[in-house]
Amino acid sequence: PEVILGVKTADAVLLEFMETFEAYGGGTKGDGIITKDEFSRYYSAISSSIDNDDYFELVIRNAWHISGGEGWCANTTCKRVLVLHEDGSQSVEEVTDDFDISTKDVESVKAALVAQGIKDIKGVALYGLPTNFSAAEAPNAPAPTPSEEPSAPSPSAANRRTNMTSSITFG
């Protein structure tokens, strides 16, 4: 927000972000480099305050948009879109590497899906009703506006798995 308002430059905000890792990861403050050791030490400190390894996995996956995870540990931050395939079938697909993709740009999302191996794309819905589906092809439900896009449900106690090990590895 401060960059958009013109209060700070993008570079200044990036350096502030990096200083978080340097301050808590034991690195050289202000050098603009986050080493693997700084990153690991920072998240070791964070993990010590999280009692459940599965929840820590979810925190990491969601913070860094890392695809994967199972059950309530599954990533919930990577963009998911409705794809209409050439054969008329539909599927919900995750845009797996979505950090630098405008999720409001249909063509960018399509290109990312093609790069993931989804080749038979006839249309993509970013929010509800796709703009490039015909009325006959589109789902029957009315389309929400982008501000009404549903958020991912939080995991319930019934969905939580216990005694599981994390599938995230550092190193």
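Just above sits the structure.
Values in this document were obtained by computation on a predicted structure and should not be read as measured data. (Residues numbered from 1 in each chain as written. Predicted model: local features only at pLDDT ≥ 70, side-chain atom pairs only at ≥ 80, totals over all residues. Heavy atoms only, no water.)

## Some remarks on the nonpolar core
- Within the largest apolar cluster, 13 residues are counted, with the highest numbers of intra-cluster contacts made by Val81, Val95, Val109, Leu113, Ile121, Val124 and Leu126.
- Elements with a contribution of two residues or more to this core: strand E1 (80–85), helix H4 (106–115) and strand E3 (121–125).
- Broken down by element, this core gets its largest block of residues, four residues, from H4.
- Ignoring sequence-local partners within four residues, the contact set of Val109 consists of Val81, Val95, Ile101, Ser102, Thr103, Val124 and Leu126.
- Phe21, Tyr43, Phe56 and Ile60 belong to the second largest nonpolar core, which has six residues in total. (Core = buried A, V, L, I, M, F, W, Y, C linked by side-chain atoms within 4.5 Å. Buried < 20%, exposed > 50% of the residue type's maximum accessible area, 1.4 Å probe, protein only. Helix = DSSP H or I, 4+ residues; strand = E, 2+ residues; numbered from the N terminus. Contact = heavy atoms within 4.5 Å.)

## Things to note about helix H2 (residues 36–47)
- If you check H2, its first and last C-alpha atoms are 16 Å apart, about what 12 residues at 1.5 Å a residue would give, namely 16 Å.
- For H2, every residue scored as buried is listed here: Glu38, Tyr42 and Tyr43. What you see down the axis of H2 is that its buried residues fit within an arc of 120 degrees, all on one side. Away from the buried face of H2 by more than 90 degrees, exposed residues Lys36 and Asp37 are located. (Expected span 1.5 Å × (residues − 1). Arc of directions from axis to C-beta.)

## Quick notes on the environment of Asn52
- Turning to its location among the elements, Asn52 is positioned in the loop between H2 and helix H3 (53–64).
- Looking at Asn52, the relative accessible area reads 32%, which means it is partly exposed.
- A polar contact is formed between the side chain of Asn52 and the backbone nitrogen of Asp54, at a distance of 2.7 Å. (Polar contact = N/O pair within 3.5 Å; in protein donor to acceptor, adjacent residues only side chain to side chain.)

## Remarks on the packing of H2 against H3
- The geometry of H2 relative to H3 is characterised by a closest axis approach of 11 Å and an angle of 135 degrees between their N-to-C directions. On the basis of their axis angle, the class for H2 and H3 is oblique. Crossing handedness for the pair H2 and H3: right-handed. Judged by residue contacts, Phe39, Tyr43, Ile46 and Ser47 of H2 engage Phe56, Ile60 and Trp64 from H3.
- Tallied by class, the residues present in the contact of H2 with H3 amount to six nonpolar, one polar and no charged. (Axes fitted to C-alpha atoms, helices over the stretch in contact; angles between N-to-C directions. Parallel < 35°, antiparallel > 145°, perpendicular 65-115°, else oblique. Left-handed = near helix turned anticlockwise from the far one by under 90°. Nonpolar A, V, L, I, M, F, W, Y, C, P; charged D, E, K, R; others polar.)

## Re the packing of aromatic side chains
- If you walk through the whole model with that rule in mind, you get 10 aromatic pairs.
- With centroids separated by 6.3 Å and ring planes inclined at 45 degrees, the aromatic side chains of Phe21 and Trp64 adopt a geometry described as tilted. Taken as a pair, Phe21 in helix H1 (residues 10–25) and Trp64 in helix H3 lie far apart in primary sequence, 43 residues in all.
- For Phe21, a relative accessible area of 3% gives the class buried.
- Here the aromatic cluster, defined as three or more aromatic residues joined through ring pairs, consists of Phe17, Phe21, Phe39, Tyr42, Tyr43 and Trp64. (Phe/Tyr/Trp six-rings, centres within 6.5 Å; stacked < 30°, edge-to-face > 60°.)

## Some words on the sheet that holds E1
- What the three strands build is an open sheet, ordered E2-E1-E3; its pairing is antiparallel. Strands at the two margins of the open sheet, each flanked by one partner only, are strand E2 (90–94) and E3. Taking each pair of neighbouring strands and ignoring which way they run, the sheet shows an average axis angle of 35 degrees.
- In this structure, E1 lies alongside E2, joined through five bridges in antiparallel fashion. Looking at E2, one finds that Val81 is bridged to Glu93.
- Lying over the sheet, H4 contacts E1, E2 and E3, oriented at roughly 125 degrees with respect to E3. (Pairing = 2+ DSSP bridges.)

Remember, this is a structural readout, not a statement about activity or role.
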